[in-house]
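What follows is the residue order along each chain.
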Amino acid sequence: MHPSIRPSSSYKFRYHYLIILPLYFSNLFQILSIKLLFPMKIPKTSGGDSQTALHHPPKPLDSSPLYEPTSVLDPHITSSPSAAAAAPAGGLCAAPSLPWDPTPFPLSITPSANAASDDWPDPLSFLLADMDDPCSFFPDLSHTTPPPPEADGSHIDPLIRAAHAIEIGDLNSSLSILARLNFLLPCSTGAPLHRAAFHFKDALLSFLPIPDRPIPEPPLSAIELVRRIAAHKAFSDLSPIPQFTSFTANQTLLEYLETASSLHLIDFDLGLGGQWSSFAHDLAARSRAARLPPPPLRITAIVSDETAETALAADNLRDFARGIGLRLTVEFVRLNAIGGVRLAAGEAVAVVLTPTIFRLIGVSVLRFVRRAAARVVLVVDGEGYCGSVGSFSRRFASGLEYFAAVMEVVEAGAAAVGAGEEAVRRIERALFRPRIFAAVATAAASMGDWKELMASAGMVVAEVSEFTESQAEWLLRRAPVEGFHVARKEGALVLSWKGRELSSTSAWRCR
């Protein structure tokens, strides 16, 4: 066993896990601050190591909370392959315009002229100021007069009928239903179920051959990256879902790779890279305790394309690892070229998947896993329903229920800590809306149960340790609200809130 990654005691692990990410996100904001002053260049896509590193001296740790960006975002503005199906399909025929203007308002980034310069608590806060209006990003329906609000569930049945109409190809019926729903749900306000229904309604509209279809979020820019980072941090403050996902995955990897002297992690959903800063910190901390150099770590991120987001994540991971004395490299490989992943002798390989990836590239990902001889494969389901089977309308309904529950969790957390509505809107706009669009798009793909696909490819469930389970339970005690529970289900550790499943982590290995 390599002593540098031997599982530490319960107390020590808790302490280290609670302090490892502040530096990472402090650097993210600093790098973005610099990029706001200088043009941001998006690197050309290549199959090898990204060479767009920025060099900053390490910053001291502070007491910011944990956060793990498990994002499923639009392929035009992010690298995540999990969202590659979120973009509207091309080549759709023209259709009559609907009786509303779905073109979103442009986002203002300039403070009001009457605002004094010292009104802003930090140099980047002005970037988030225009989010006070919960409808600023959504269609302008101010010229209409919506009917009085109805019961929270009154729009659900028509929404499911619209999904079913799209499923059977009856676009006229879906257009008619969604036109009325667009009038009844003109904005993301009200109860969590109401707000989730609004975004799912827009996601359905993005399927249809209409002009100016709704989009999940504005085009990528340094300002939008700032907002996204702030949203991820707020999500972690108000909900234990990101910490649970990050911790259970990292601890399981550490236990299955404990004998390795060199590590290679292949990640199909890199996001902003926060999970791997946590993993890298644990490697370095345990090596220091054993007075040994930490094992080198190589991360291969499978992306739909290299963007400013991937460059930022790679830059910050390298900078973070350099500050803690860990040798870390980051490489990017396109989703349609996973055969080009570089494998080296002597490296212990681990693969991290999401169920969505099966809808995008099918069983070819499992052929790749077997070729890579992965010691362990983690499947992290942070979308709650991606593995569900059945018709498109059934998966659509499951997704609506799931995201309404997650929004309810965030709203309850905000009320408990006094975060206010602004933090809730920020999370909903920057995180949940893009994920909803991507989830609806991937739900349209025909696929069986991903667990059955894993089993048919010769994969078997690997044990998740009791230590991981007990530490996850301890982590939930820090949640701002009660009602969370960890349980084992078919070999996976499942996080639920008031009986509703929110996230799960399972480990698999080749037979």
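In the block above lies the structure referred to throughout.
Residues numbered from 1 in each chain as written. Predicted model: local features only at pLDDT ≥ 70, side-chain atom pairs only at ≥ 80, totals over all residues. Heavy atoms only, no water.

Colleague: Just to check I follow, could you spell out the pattern of salt bridges for this structure?
Modeller: Between side chains of opposite charge, pairing is possible as soon as their charged atoms come close. Tallied over the full model, the rule gives 22 salt bridges. Where Glu469 meets Arg488, a salt bridge forms, and the shortest distance between an N and an O atom there is 2.8 Å. Pair noted here: Glu469 is in helix H15 (residues 466–476) and Arg488 is in strand S7 (residues 484–489), with a separation of 19 residues, a long-range link. The exposure class of Glu469 is buried, given its relative accessible area of 16%. Linked by salt bridges that have partners in common, Arg298, Glu331, Arg342 and Glu347 make up one network. (Salt bridge = Lys/Arg side-chain N within 4 Å of Asp/Glu carboxyl O. Helix = DSSP H or I, 4+ residues; strand = E, 2+ residues; numbered from the N terminus. Buried < 20%, exposed > 50% of the residue type's maximum accessible area, 1.4 Å probe, protein only.)

Colleague: Explain the pairing of strand S3 (residues 328–334) here, please?
Modeller: Looking along a regular strand, one sees side chains alternate from face to face of the sheet. The buried fraction of S3 is high, at five of seven residues. Where strand S2 (residues 297–303) lies against S3, seven bridges are found, and the strand directions are parallel. By the bridge assignment for S3, Thr300 is matched with Glu331. Handedness of the crossover is the feature at issue here: the chain leaves S2, passes through helix H9 (residues 308–323), returns alongside S3, and the resulting connection is right-handed. (Pairing = 2+ DSSP bridges. Right-handed = clockwise from strand over helix to strand, strands pointing away.)

Colleague: Where do I start with the packing of aromatic side chains in this structure?
Modeller: A ring pair, where both rings are aromatic, is described by two values, the distance of the centres and the angle of the planes. Counted under the stated rule, the structure contains 12 aromatic pairs. Seen from their ring centres, Phe200 and Phe396 are 5.2 Å apart, and the 90 degrees between their planes marks the pair as edge-to-face. Taken as a pair, Phe200 in helix H5 (residues 192–205) and Phe396 in helix H12 (residues 392–417) lie far apart in primary sequence, 196 residues in all. In this pair, the class of Phe200 matches that of Phe396, namely buried. Ring centres of Phe392 and Phe396 lie 6.1 Å apart, and the angle between their planes is 50 degrees; this geometry places the pair in the tilted category. Of this pair, Phe392 and Phe396 both sit in helix H12, four residues apart, roughly one helical turn. (Phe/Tyr/Trp six-rings, centres within 6.5 Å; stacked < 30°, edge-to-face > 60°.)

Colleague: Would you mind showing me how to read the nonpolar core here?
Modeller: Within soluble globular proteins, side chains that are nonpolar tend to cluster in buried spots. Counting 96 residues, the largest nonpolar core has Leu204 and Leu297 as the members making the most contacts within it. Of the residues forming this core, the biggest block, 12 residues, is contributed by H12. Once residues lying within four places of it in the same chain are set aside, the contact partners of Leu204 are Leu159, Ala162, Ala163, Ile166, Leu178, Phe392, Phe396 and Val440. Membership of the second largest hydrophobic core comes to 25 residues, among which are Leu335, Ile357, Ala374 and Trp508. (Core = buried A, V, L, I, M, F, W, Y, C linked by side-chain atoms within 4.5 Å. Contact = heavy atoms within 4.5 Å.)

Colleague: I tried to follow the environment of Lys489 on my own but got confused; where do I start?
Modeller: In this structure, Lys489 sits in strand S7. Counting along the chain gives 15 residues from Lys489 to Ser504, while the straight-line C-alpha distance between them is 9.0 Å. For Lys489, the residues in contact, after removing those within four places along its chain, are Val494 and Glu501. Reaching out from Lys489, the side chain makes a polar contact with the side chain of Glu501 at a distance of 2.8 Å. (Polar contact = N/O pair within 3.5 Å; in protein donor to acceptor, adjacent residues only side chain to side chain.)

Distances and angles like these do not, on their own, reveal function.
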